[in-house]
Amino acid sequence: MKINSIPNYNLNFRKTLLGYTNVKTARGELQEVDFVEYDPNNEKDILQISKLKSKWGRQAKYIKEIISEFLNINSTGSYRTDENAYFYGLEDKKGKTLAIAEVLEDNPGANTCCASEYNYSYINYMQADPKEQFGVKCRQYKGLGENLVSEIVKLASAKSRAVVQLTSENDNFWDNSKFFTTCDFGVEGCKEKYLLAENFNNYINYVENKKAKLNVCV
């Protein structure tokens, strides 16, 4: 049954500011951005996330899926609730979304060929503003994806997760740090990658060290 509206929006509370992080600009400077958690039950957050599809366009490969998950609508158009889904993002000081990710926690419905007894954070989808992605000449920011992942890893560490896991469609992105491991448990065609808790701080330091290097766009 298709549901045309979702009642009982939370109008009083919206995204939660979880902290701040510095990202590198195209000119090699550091600029502070906000690390936030979006509320799928808040009308203002719903409007903000829903508009990303038109703002980011077809080059945003995963934004349609993220919006669908955020609205809690499955492929048949019916309403569902997934209490294990969290939506994190990086925003500039004007509240503009720069990158967003859906993270599942202890969700047995996710692909878990490499997971550790469900004690994990699973990056289900992640998308940066296409204008800020690698390969775009003189984009405003650099490393948004890695910075968002670093903040997610910090949360996983604080929650004593055993592993951060994901399905890779861009091996170079994850392999650059040398800390994400490809699934090697003999599952044919598995694209899973995982970061063990023992490497959480190593990945966080890797991202911080990259930001310390000057890389000016000319």
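Please read all numbers here as calculations on a predicted model, not as lab measurements.

Turning to the confidence of the model for the protein chain, a few remarks are in order. Taken over all residues, the pLDDT of the protein chain has a mean of 81, while the share at 70 or more is 78%. Ignoring residues within four places in sequence, the model shows residues 1-12, a span with pLDDT below 50, making 17 contacts including any to other chains. Low confidence marks residues 74-83, where pLDDT is under 50. Its contacts with residues over four positions away, or in another chain, come to 17 contacts.

Strand pairing in a sheet is mediated by backbone hydrogen bonds. Such pairs are either parallel or antiparallel. Read across the sheet, 9 strands follow the order 6-1-2-3-4-5-7-9-8 without closing on themselves; strand pairing throughout is mixed. Pairing within the sheet leaves two strands with one partner each, and these edge strands are strand 6 (141-142) and strand 8 (181-182). Summarising the sheet, strand 1 (residues 16-25) and strand 6 pair through 2 bridges and their orientation is antiparallel. Bridge pairing in strand 6 places Thr25 opposite Tyr141. Against the sheet, helix 3 (residues 63-70) engages strand 2 (30-38), strand 3 (85-91), strand 4 (97-105) and strand 5 (120-128), with an angle of about 125° to strand 5.

This part is about the packing of aromatic side chains. The tally for this structure, following the rule as stated, stands at 9 aromatic pairs. Summarising the aromatic geometry, the rings of Phe35 and Tyr88 are spaced 5.7 Å apart at their centres and angled 35° between planes, so their arrangement reads as tilted. You can see Phe35 sitting in strand 2 and its partner Tyr88 sitting in strand 3, a full 53 residues away along the chain. The class of Tyr88 is buried, set by a relative accessible area of 2%. Centre to centre, the rings of Tyr203 and Tyr206 are 5.9 Å apart; their planes meet at 40°, and the pair counts as tilted. Of this pair, Tyr203 and Tyr206 are both found in helix 6 (residues 200-211), 3 residues apart, which corresponds to roughly one turn of the helix. For the pair shown, Tyr203 and Tyr206 are each scored as buried. An aromatic cluster of at least three residues, connected via ring pairs, comprises Phe173, Trp174, Phe180, Tyr203 and Tyr206.

Rules used throughout
- Residues numbered from 1 in each chain as written.
- Predicted model: local features only at pLDDT ≥ 70, side-chain atom pairs only at ≥ 80, totals over all residues.
- Heavy atoms only, no water.
- pLDDT = per-residue confidence, 0-100.
- Contact = heavy atoms within 4.5 Å.
- Pairing = 2+ DSSP bridges.
- Helix = DSSP H or I, 4+ residues; strand = E, 2+ residues; numbered from the N terminus.
- Axes fitted to C-alpha atoms, helices over the stretch in contact; angles between N-to-C directions.
- Phe/Tyr/Trp six-rings, centres within 6.5 Å; stacked < 30°, edge-to-face > 60°.
- Buried < 20%, exposed > 50% of the residue type's maximum accessible area, 1.4 Å probe, protein only.

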